[in-house]
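# Structural overview
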Number of protein chains: 2
Amino acid sequence: MSRSEAKKGGMTMMMTTTTGTGAGTAGAGTARSPAPPLDEPARRGGSLDPAEPHGTPTRGRAAAAAARELLSRRNTECEVFDDGTNTFFWRAHTVTVLFILTCALVYVTLLEETPQDTTFNTKRGIVASILVFLCFGVTQAKDGPFTRPHPAYWRFWLCVTVVYELFLIFILFQTVHDGRQFMKFIDPKLGVPLPERDYGGNCLVYDPGNTTDPFHNLWDKMDGFVPAHFLGWYIKTLMIRDWWMCMIISVMFEFLEYSLEHQLPNFSECWWDHWIMDVLLCNSLGIYCGMKTLGWLSMKPYQWQGLWNIPTYKGKIKRIAFQFTPYSWVNFEWKPASNLRRWLAVLGIIFMFLLAELNTFYLKFVLWMPPEHYLVLLRLVFFVNVGGVAMREIYDFMDDPKFHKKLGQQAWLVAAITVTEFLIVVKYDPNTIMLPIPFFVTQCWFLGIFLILSWTLWRFFIRDITLRYKETRRRQQERPVGNGSAAGPSGRSRLNGSWDSLRQRRS
Amino acid sequence: MSRSEAKKGGMTMMMTTTTGTGAGTAGAGTARSPAPPLDEPARRGGSLDPAEPHGTPTRGRAAAAAARELLSRRNTECEVFDDGTNTFFWRAHTVTVLFILTCALVYVTLLEETPQDTTFNTKRGIVASILVFLCFGVTQAKDGPFTRPHPAYWRFWLCVTVVYELFLIFILFQTVHDGRQFMKFIDPKLGVPLPERDYGGNCLVYDPGNTTDPFHNLWDKMDGFVPAHFLGWYIKTLMIRDWWMCMIISVMFEFLEYSLEHQLPNFSECWWDHWIMDVLLCNSLGIYCGMKTLGWLSMKPYQWQGLWNIPTYKGKIKRIAFQFTPYSWVNFEWKPASNLRRWLAVLGIIFMFLLAELNTFYLKFVLWMPPEHYLVLLRLVFFVNVGGVAMREIYDFMDDPKFHKKLGQQAWLVAAITVTEFLIVVKYDPNTIMLPIPFFVTQCWFLGIFLILSWTLWRFFIRDITLRYKETRRRQQERPVGNGSAAGPSGRSRLNGSWDSLRQRRS
């Protein structure tokens, strides 16, 4: 009996364990089968990707690695119960979409009169191409790690990511003048230089000069950015799923604002705005609420029953609401200090995250976008939707015990977008970027980089060599007493993680 | 032990059985695991697609259907032996591609001087966007059913398909004049009306008026189209994999040429050119050679050993050459008469195939493309590469015993492209398309359509009702004698296929 057929047999129970190829596992969504436990190993590595690479270790070592992986995964991923109901709602409707698309094309191109305006037609042609691409992508693109509320939702955002990246590439290849004027193509109000603005200014919390309201500076700062900061960090916490990384990024960004306020006046804020209102109040509250939600998500039972299998109305409504929560849950354990690769990866993630945040401000500056323009907001909505997927894919990429695997598609694109946005900023306004950094700020950054480098050196090179030396000496001392071959494993188990990580890094 | 880990364990043997979700199975390529036979059912339905839909029949019926499917599949698909070696060559290199892409972007946009020519920059921006899209798609797009010589090869053609479809959509939304002039953007020599040409002419095989060479008419026709016809049908046979369908399409196309020669002068040929040179000689020979190759492919052993596991040089060279043959082989059994759905599907495939062939001629006519232009050739090379994938996906879509599944991505796109090309033809030159068909030709077509309709009616409606009536009467006669419930299955097994197909169609 085939696996997908077996699933039809009503209410059954299953348990997921994520493999490194996160797209494969979590992407399985409701299509997962309630196979017997014996079958589980077969499912766990069930990536159907022919390009997935493999070394050729011995069978025994592979089994041990898999067992280790299984044990470590048990802690980070929740159990899922799914009765495998798969209704109309879940289908991809490839043929239906193709038929509707054909009908729409016939109507628009044959039955409607084509306007004689070349510019309008060009625009319409480009929009139509994008819509057809979305039609294709939403029904046919590769699924990512997320399946709720519907895989098509995430396929949609994947396609939007592709379109946005291609748009950025196009902008990148234009001259500075053409690129800014090209924005007129999207909104005729754009393509106009921004007025100079000055933030910061009077930083007195209690201003005795103003008799009507001495706290007016405080109230001035209480604008739309306060909820934006809170909500932003709430969502970022859900993406990163780690208290420490969130706090580091939050503080680092304020440092960056300090360092770059000579380039972008946006960044110049009062000291209490930086540290008390942003970091302490808004961001921390956002991170706190995010962590609470994460706790709920990791404790919540993941039971998926078909809507028609639920007897009560209350249950049905609850089931519909839960459709907007994840299908399963993976706690992220970044463990940056566990080995050099993870440490560099975490540093890289923090770097890219901060770069993406800076791009928000620099990009609107160089492309002459007013901060309140809807495109700025759309870009943030876009990042909210794709950031979570990208972060999960990066986590799966890092957490896979096999070394050679694919970086998820969304993560790939988000990385490419961040780089492209940065290149646009550099190309469009090299003068602002190259404004000399104040001496004091440079010193601080050099100190920071030096500290990170020295810690890296100590933790992953000097400490390892010391441990290795001690291990060799201890073994030499033990050899005369016991059996040499038996000493190996016992020694390894005493040093537990560190030897394995050493071997892994060398292989 | 996880499935993908298990595979590392050196030389093992496995056997594939295609599921309906062809992309999943054949796409598995070298990532297939050498799981024990018990595990096979789990792998067979192993599509990780969450959108894959399922009804809710009982477990027993599903098992029976699966067993039937298994039996029928044994005949159409070959066995595959794979030692699961997966070297550098097979990996997707997502991070490497991302890194190289970033370097290229940095070099081109920051280190090179941007030209001041807006038109050139626009062109360059579009080309760069397409290249970035290809970079993304070749590493990250969803794999199709084919894996040889490399999955990336088929991902590349998938991306080309998307780009071509979007280009067609853009052309479709322009005015006729703009669209033709837009071709200048690709090649400045285009956008010029074609000279009038006349084919046909003197059709005497033996021309007594010409004393130097009375057979000159014959030699005149012996141009590049003879090998083109042969090669074209050789490849089409490899796509369709069915002698009857190939012959029908080949003959139908000559009928279409007859019917449409009043619209396109290209189609007007001498009678002996149509039937003897085209159908009998070139096409038949192409189909014959194609069928011979198909026979070889279905008999050939599918044994995939890693290059480094082969001891001899001769073996290594053979292995490299075999990399360009399919990973596994599926004989297509279209069985158009087995039920109404398959019959309509086969009619639809023949219709789309002929439409795509006609588009070749009409598209170059309406877009003012000279027949010898390289774009015309590129379009054919494109169709050669994607046609095979699309046909296989359509076959998998039809052959899946489950009703609700996804049409393959390449098939979806090829269908969309065929429709879009046809819409362009209709929009750009409605006058040619609407030229009244000669009365005699119309009559022939009506007769043909009438015959097909009546056969359909008889085969799938009248015959079924008759069979059903007979079955009911037979059962009524049997009831007084034996046990009613026992009579059911025996009656069913006597009518074997037809009852099942009846039930399937109703469900």
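Above this text is the structure in question.
Presented here is an overview of the structure given in this document. This is a predicted model, so every value here is computed, not measured.

## What to know about helix H15 (residues 374-399) of chain B
All names here are of chain B. Helix length check: H15 (26 residues) gives 37 Å between terminal C-alpha atoms against 38 Å at 1.5 Å per residue, within 8%. Along H15, the helix axis deviates most sharply at Val386, where the bend reaches about 30 degrees. Among the 26 residues in H15, 19 count as buried, and that is most of the element.

## Regarding empty space enclosed by the protein
Applying the stated rule across the entire model yields 11 cavities of 30 Å³ or more. Empty space within the second largest cavity amounts to approximately 210 Å³. Considering the residues around the second largest cavity, the lining is formed by 20 residues, among which Phe136 and Ala141 of chain A together with Phe133, Phe136 and Ala141 of chain B are closest to the centre. Elements with a minimum of two residues in the lining of the second largest cavity: helix H6 (118-140) and helix H7 (151-172) of chain A together with helix H6 (118-140) and helix H7 (151-172) of chain B. Partitioning the lining of the second largest cavity into residue classes produces 12 nonpolar, 6 polar and 2 charged.

## Quick word on the side chain of Glu357 of chain B
All names here are of chain B. With respect to the helices, strands and loops of the structure, Glu357 is situated in helix H14 (residues 340-366). By relative accessible area, which is 14% here, Glu357 ends up buried. Setting aside anything within four residues of it in sequence, one finds Glu357 in contact with Trp233, Lys236, Ile249 and Phe253.

## Brief notes about the nonpolar core
Ranked by internal contacts, the top residues of the largest apolar core, which has 143 residues, are Ile240 and Trp334 of chain A together with Ile240 and Trp334 of chain B. Among all residues touching Trp334 of chain A, those that are not within four sequence positions of it are Ile240, Asp242, Met245, Arg342, Val346, Ile349, Met391, Tyr395 and Met398 of chain A.

## Quick notes on the pattern of salt bridges
A complete count under the given rule lists 14 salt bridges over all chains for this structure. The shortest N-O distance in the salt bridge between Asp143 of chain A and Arg155 of chain A comes to 2.8 Å. Of the two residues, Asp143 of chain A is situated in the loop between H6 and H7 and Arg155 of chain A in helix H7; the sequence distance between them amounts to 12 residues. When sorted by exposure, Asp143 of chain A lands in the same class as Arg155 of chain A, which is buried. One salt bridge in this structure joins Arg392 of chain B and Asp396 of chain B, with 3.0 Å as the shortest N-O distance. Placement of both Arg392 of chain B and Asp396 of chain B in helix H15 is noted, with a separation of 4 residues, approximately one turn of the helix. Pair check on accessibility: Arg392 of chain B and Asp396 of chain B agree, each one buried. Linked by salt bridges that have partners in common, Glu471, Arg474 and Arg475 of chain A make up one network.

## Observations concerning the packing of aromatic side chains
Residue and element names in this part refer to chain A. Following the criterion strictly, the structure yields 51 aromatic pairs over all chains and no others. A ring pair is formed by Phe255 and Trp275, whose centres lie 5.5 Å apart and whose planes are at 65 degrees; its orientation type is edge-to-face. Remark: Trp275 occurs in helix H12 (residues 271-299) and Phe255 occurs in helix H11 (residues 243-260); sequence separation between them is 20 residues. When its relative accessible area of 42% is taken as the criterion, Phe255 is described as partly exposed. Using a relative accessible area of 26% as the deciding quantity, one classes Trp275 as partly exposed. Consider the rings of Trp455 and Phe460, whose centres lie 5.9 Å apart with planes at 90 degrees: the pair is edge-to-face. Its relative accessible area of 2% is what places Phe460 among the buried residues. Taken together, the aromatic side chains of Phe146, Tyr153, Trp154, Phe156, Trp157, Tyr164, Phe167, Phe170, Phe182, Phe185, Phe382 and Phe383 make up a single cluster linked through ring pairs. For Arg241, the ring lying beneath its charged end belongs to Trp329, and the centroid distance is 4.0 Å.

## Section: unusual backbone geometry
For residues besides glycine, phi is generally negative; the peptide bonds are generally trans as well. A cis geometry characterises the amide bond from Arg148 of chain A onward to Pro149 of chain A, with omega recorded as -5 degrees. When you line up the elements, Pro149 of chain A lands in the loop between H6 and H7. In this structure, Arg241 of chain A is a non-glycine residue whose phi angle is positive, near 55 degrees. Structurally, Arg241 of chain A is set in the loop between helix H10 (225-240) and H11. A relative accessible area of 9% places Arg241 of chain A in the buried class. The phi dihedral of Trp368 of chain B falls on the positive side, at around 55 degrees, and the residue is not glycine. With a relative accessible area of 21%, Trp368 of chain B lands in the partly exposed category.

## Considerations on the packing of H7 of chain A against helix H15 (residues 374-399) of chain A
Residue and element names in this part refer to chain A. The contact between H7 and H15 brings their axes to 10 Å, and the two run at 120 degrees. Considering their axes alone, H7 and H15 lie oblique with respect to each other. Our pair here, H7 against H15, has a crossing hand that is left-handed. Residues Tyr153, Trp154, Trp157, Val160, Thr161 and Tyr164 of H7 lie in contact with H15, whose contacting residues are Arg379, Val381, Phe382, Asn385, Val386 and Val389. For the contact of H7 with H15, a count of residues per class yields 9 nonpolar, 2 polar and 1 charged.

Conventions adopted
- Residues numbered from 1 in each chain as written.
- Chains lettered and ligands numbered in written order.
- Predicted model: local features only at pLDDT ≥ 70, side-chain atom pairs only at ≥ 80, totals over all residues.
- Heavy atoms only, no water.
- Helix = DSSP H or I, 4+ residues; strand = E, 2+ residues; numbered from the N terminus.
- Expected span 1.5 Å × (residues − 1).
- Bend = angle between axes of the 7 residues up to and from the residue.
- Buried < 20%, exposed > 50% of the residue type's maximum accessible area, 1.4 Å probe, protein only.
- 1 Å grid on protein atoms, 1.4 Å probe; cavity = no way out; pocket = protein on both sides within 12 Å on 5 of 7 lines; lining within 4 Å.
- Points joined across faces, edges and corners; volume = space filled by probe spheres on them.
- Nonpolar A, V, L, I, M, F, W, Y, C, P; charged D, E, K, R; others polar.
- Contact = heavy atoms within 4.5 Å.
- Core = buried A, V, L, I, M, F, W, Y, C linked by side-chain atoms within 4.5 Å.
- Salt bridge = Lys/Arg side-chain N within 4 Å of Asp/Glu carboxyl O.
- Phe/Tyr/Trp six-rings, centres within 6.5 Å; stacked < 30°, edge-to-face > 60°.
- Lys NZ or Arg CZ within 6 Å of the ring centre and 35° of its normal.
- Axes fitted to C-alpha atoms, helices over the stretch in contact; angles between N-to-C directions.
- Parallel < 35°, antiparallel > 145°, perpendicular 65-115°, else oblique.
- Left-handed = near helix turned anticlockwise from the far one by under 90°.

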